[in-house]
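# Observations on chain architecture
Each chain, written out:
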Amino acid sequence: MDSQYDKLSQQQIKISIAKPEAKNFIKDNDALSVSCTNSSSDTSREKWGKEIEFLFSCIALSVGLGNVWRFPFIALENGGGAFVIPYIIVLLLIGRPVYYMEVIIGQFASRGCIQAFDMVPLMKGIAYGQVYATALATTYYACVMALTIKYLIASLSEILPWSYCQPEWGPLCISTAAFNHTHLNNTLLGKPTSSAELYFTKTILREKDNIDDGIGLPNWDLVLCLLSAWLIICTILIKGIRSSGKASYFLAIFPYVVMSILLCRALTLPGSLNGIIYFLRPQWDQLLNPNVWYAAITQMFFSLAICFGTLVMYASYNNFRKNVYRDVIIITSVDSMTSILAGCIIFGILGNLAYETNTHDIAHVVKGGAGLAFISYPEAIAKFKYLPQVFAVLFFLMLLVLGIGSNIGMASCVITVIKDRFQYLPHWLLASGMGVVGFIVGLVYTTPGGQYILNLIDYFGCSFIALFLAIAQLVAVSWLYGVKRLCQDIEFMLGLKTGLYWRVCWAIITPGLMFLVLIYSLINYQPLDYKGVKYPDAVYNFAWLIWAVGVGQLPFWAFYTISQQSGKTFKQKLHLALKPTDNWGPLEAKLLDEYNLQRKSFDYNDSLTLSWRSRVYDNIFG
């Protein structure tokens, strides 16, 4: 470290000798350097106990419930095996570049996502909006964990409760354990429904047909499960990043142990191979369908948890010189391979279900989204001839662990933002407060109309907000802060030159594709519904208000930041708001001194650029 500091000092001397005008530039900025040093004291920040804990924590965050229940169904709807091709292309052009960008920013700044936007103060509202969306996602993600706990407990029964009909479900119920086409053909009174589906909707959710007359009161069995979920989360978070880092070993590895067991079991089931082939069989004509590419981009975007502030937060606890390049490649590859592995497991078992029900159309036995995890899979597992309870426990325990891993990351992001602002608050208090607030808000999802609200919040409070803010983030980092400066920061931190692939993706390809996704989603927008049921107009208005609060953070904080600048005219204030703050850079004072010394030479050379065309070219290729 000292030798690097000496080299930079020598570089300053060389510049001052070679260019007399540079000497005056450096002299004029000495006061700024001192100010920056003083303003960035050696404030200690928690670090991972071991560097590998960052890798495991990111895997636990990214590999979540979406890999198990969303990816297989999305792939099936969009070309089966052919969907893997655009999915991998999107991984290389969007997922991996954005993932690397966020990790680099977090590690370089050693700050949470709010303070990390000191790089472009004008755009700090992006981070506030992301934290808002993450907080909303945390509340309903815990509710999904509550459902998993409910099923996990039910799996311990001597007979799986979703495998048989209960009298109150009526004559149209078809027992899952005896489900076949004979029952379907002899049922004339209406559409038959499996006991697994009725167990989920009638017993677990007690779901309403609509919410025109309100969402109802909480189901107290789900309330207790929700309380258990938040107790687990708070227990892991209570001691800070070190305790969650230790938990990451189990949270990242255990799901793969269960997946291996389930894959071996799935491959031994009659008809399972047909299900896997059905899942992976390419439908090449789908590659020309824009819906397939749209689905691939959105799946990759939310599977990796990019542009939600969580990756910046996790990376902020790394050692400054940690080479995260290898970690990014590993994490993004593992996430994609896990999605494909989960698809093989799910469709192997659904292939067996099709075999048992004597149907060749596996699409008829598949329900997407939560239904895949809480209806289709339980329905299939109830037909296992040997030890169905064991495999039910393994599956729902795996879902619970996946949910905990993701929720730990999201909750930590919110807590870190608050702690960065109020450093005197003890971590246990923040973790406990997060749990209490999350539990109270989550009660709405435990009502008979809770799934209607969950569906609404997922779309308007998370997905739609994140899409807008992701584009703004890419523009802010790649063009306002600049790809060139980001690459200079990477070289200062890691000693690595950034290749053309990363530069072009950051500056052109990734924001361009994300913008096309936004335009496509707006053109094809249809009023959101739940199982074909439209929401009341008042609920739609409330949903758009939720969206506006998240996206509105960007203009609100932009105007606030401009108003706080010292310039006399609006143009001067805007110019200052676009520049990094005086204390932007490494958190450690000595590293900040080195960085400021390096920036003086870079800033001087950059000032010689003449035209905007030269600046654009230099930003990408310089």
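Nothing here was measured: the structure is a model prediction, and the numbers come from that model.

## Notes on the overall build of the chain
Within the chain one finds 26 helices and 4 strands. Taking all 622 residues of the chain together, the buried fraction comes to 56%. Considering only residue pairs separated by 6 or more positions, the chain has 83% of its internal contacts joining residues 24 or more positions apart. Of the roughly 26,400 Å² of accessible surface on the chain, a fraction of 64% belongs to carbon and sulfur atoms.

## Regarding the packing of aromatic side chains
What characterises a pair of aromatic rings is the spacing of the ring centres plus the angle enclosed by the ring planes. For the coordinates displayed, the defined rule picks out 52 aromatic pairs. An angle of 80° between the planes, with centres 6.5 Å apart, marks the rings of Y140 and Y445 as edge-to-face. With Y140 in helix α8 (residues 125-154) and Y445 in the loop between α19 (427-442) and α20 (450-494), the pair connects residues that are 305 residues apart, well separated along the chain. Each of the two residues, Y140 as well as Y445, counts as buried.

## Some points on unusual backbone geometry
Located in the positive-phi region is S110, a residue other than glycine, with phi close to 50°. Judged by relative accessible area, which is 5%, S110 ranks as buried. Not every positive phi belongs to a glycine, and K531 is a case in point at roughly 55°. Secondary-structure assignment places K531 in the loop between β3 (529-530) and β4 (533-534).

## Notes on the UniProt feature "binding site: Na(+)" (unreviewed entry) in the chain
Here the UniProt-annotated "binding site: Na(+)" (unreviewed entry) positions come out as V63, N67, S303, L402 and S406. For the residues just named, distributed over 344 residues, the greatest C-alpha separation is only 12.3 Å, placing them together at one site. On the accessibility criterion, S303 (8% relative accessible area) is buried. Discounting chain neighbours no more than four positions away, the residues touching S303 are S62, N67, Y87, D335 and S339. Once you skip the residues sitting within four places of it in the chain, S406 turns out to touch A60, L61, V63, G64 and Y141.

## Things to note about the pattern of salt bridges
Taken as a whole, this structure holds 12 salt bridges when the rule is applied. Its salt-bridge partner being K124, residue D118 comes within 2.7 Å of it at the nearest N-O pair. Between K534 and D529 there is a salt bridge whose closest N-O contact spans 3.9 Å. When its relative accessible area of 49% is taken as the criterion, K534 is described as partly exposed. Among the ionic contacts, a cluster of salt bridges with common partners joins E51, K322 and D327.

## Description of the state of the cysteines
Taken as a whole, this structure holds 1 disulfide when the rule is applied. Put simply, C165 and C173 are joined by a disulfide, and their sulfur atoms are 2.0 Å apart. Between C165 and C173, the disulfide has an S-S torsion of -90° and is therefore left-handed. A relative accessible area of 28% places C165 in the partly exposed class. Lacking any disulfide linkage, C225 is separated from the closest cysteine sulfur, that of C143, by 9.9 Å.

## Topic: the packing of helix α12 (residues 241-267) against helix α18 (residues 388-421)
Put simply, α12 and α18 touch, their axes get as near as 9 Å, and they point 145° apart. Crossing geometry of α12 relative to α18 is assigned as left-handed. Contacts from S244, F250, L251, F254, P255, V258, M259, I261, L262 and R265 in α12 reach F391, L394, F395, L397, M398, V401, L402, I404, G405 and I408 in α18. Each residue belonging to the contact of α12 with α18 can be placed in one class, and the counts come to 17 nonpolar, 2 polar and 1 charged.

## Focus: α20
An ideal rise of 1.5 Å per residue puts 66 Å on 45 residues; α20 reaches only 47 Å between its terminal C-alpha atoms. G482 marks where α20 bends most, by close to 90°. Here α20 lies mainly inside the structure; 38 of its 45 residues are buried. Looking one or two residues beyond α20, the residue adopting positive phi is G495, at roughly 75°.

## Focus: the packing of helix α14 (residues 290-303) against helix α21 (residues 500-523)
Interhelical geometry of α14 versus α21 gives an angle of 115° and a closest axis separation of 11 Å. Relative to α21, α14 is oriented so that their crossing is left-handed. Taken together, the residues of α21 that come into contact with α14 (itself represented by P290, N291, Y294, I297, T298 and F301) are L513, M514, V517, Y520 and S521. Its residues placed into classes, the contact of α14 with α21 shows 8 nonpolar, 3 polar and no charged.

## Section: the environment of N210
For N210, the location among the structural elements is in the loop between α10 (195-204) and α11 (220-237). Its relative accessible area of 28% is what places N210 among the partly exposed residues. Linking N210 and K534, residues 324 residues apart in sequence, is a C-alpha distance of 8.2 Å. Not counting residues up to four positions away in its chain, the partners in contact with N210 are Y452 and V533. Among the polar contacts listed, one links the side chain of N210 to the backbone nitrogen of D212, at a separation of 3.1 Å.

## Some points on the side chain of T148
Secondary-structure assignment places T148 in helix α8. A residue is classified by how much of its surface remains accessible, and T148, at 1% relative accessible area, is buried. Among the polar contacts listed, one links the side chain of T148 to the backbone oxygen of V144, at a separation of 3.0 Å. With residues near it in sequence (within four places) discarded, T148 still touches F374, F396, L399 and L400.

## Some words on a nonpolar patch on the surface
On the surface, a nonpolar cluster with roughly 370 Å² of combined accessible area is contributed by V475, W479, L480, I508 and V616. No other element matches α20, which puts 3 residues into the nonpolar patch. Position of V616 relative to the elements: it lies in helix α26 (residues 612-621). Accessibility expressed as a relative area gives 33% for V616, which makes it partly exposed.

Cut-offs used in this document
For every chain, the first residue of the written sequence is number 1, and numbering continues from 1 onward in sequence order. Given that the model is predicted, a residue must reach a pLDDT of at least 70 before its local features are reported, and side-chain atom pairs must reach 80 or more before they are shown or counted; all residues, however, enter totals for whole chains, interfaces and linings. Side-chain metrics in this entry use all non-hydrogen atoms of the structure; hydrogen atoms and water are not considered. We count a stretch as a helix when DSSP gives it H or I for four or more residues in a row; a strand needs E for two or more, and each element gets its number in order from the N terminus. Each residue is placed in one exposure class: buried if its accessible area under a 1.4 Å probe, protein chains only, is under 20% of its type's maximum, exposed if it is over 50%, and partly exposed if it falls in between. Here, residues are in contact when the closest pair of their heavy atoms is within 4.5 Å. We get accessible surface area from the Shrake-Rupley algorithm with a probe of 1.4 Å; when it comes to residues, only the shown protein chains can shield them. Under the pairing criterion, centres of Phe, Tyr and Trp rings, with the six-membered ring standing for Trp, must be within 6.5 Å; the plane angle then separates stacked pairs below 30 degrees from edge-to-face pairs above 60, leaving the rest tilted. UniProt positions are given in the numbering used here, feature names are shortened, and annotations may be inferred rather than shown by experiment. Here a salt bridge means any side-chain nitrogen of Lys or Arg lying within 4 Å of a carboxyl oxygen belonging to Asp or Glu. Throughout, a disulfide means two cysteine sulfur atoms within 2.5 Å of one another. To obtain an axis, a line is fitted to C-alpha atoms, over the contacting stretch when the element is a helix, and the angle between two such axes runs from 0 to 180 degrees between their N-to-C directions. Left-handed describes a crossing in which the near helix is turned anticlockwise from the far one by less than a right angle; the clockwise case is right-handed. Three classes are used, and their members are as follows: Ala, Val, Leu, Ile, Met, Phe, Trp, Tyr, Cys and Pro are nonpolar, Asp, Glu, Lys and Arg are charged, and the others, Gly among them, are polar. Residue count minus one, scaled by 1.5 Å, sets the expected span of a helix. A residue's bend is simply the angle between two axes: one fitted to the seven residues ending at it, one to the seven starting at it. Polar contact is the term for a pair of N or O atoms within 3.5 Å; when the atoms are in protein, one must be able to donate a hydrogen and the other to accept it, and sequence-neighboring residues count only if both atoms are side-chain atoms. Candidate patch residues must exceed 30% relative accessible area and have no salt bridge, after which like charges are joined if within 9 Å and Val, Leu, Ile, Met, Phe, Trp or Tyr side chains if within 5 Å.

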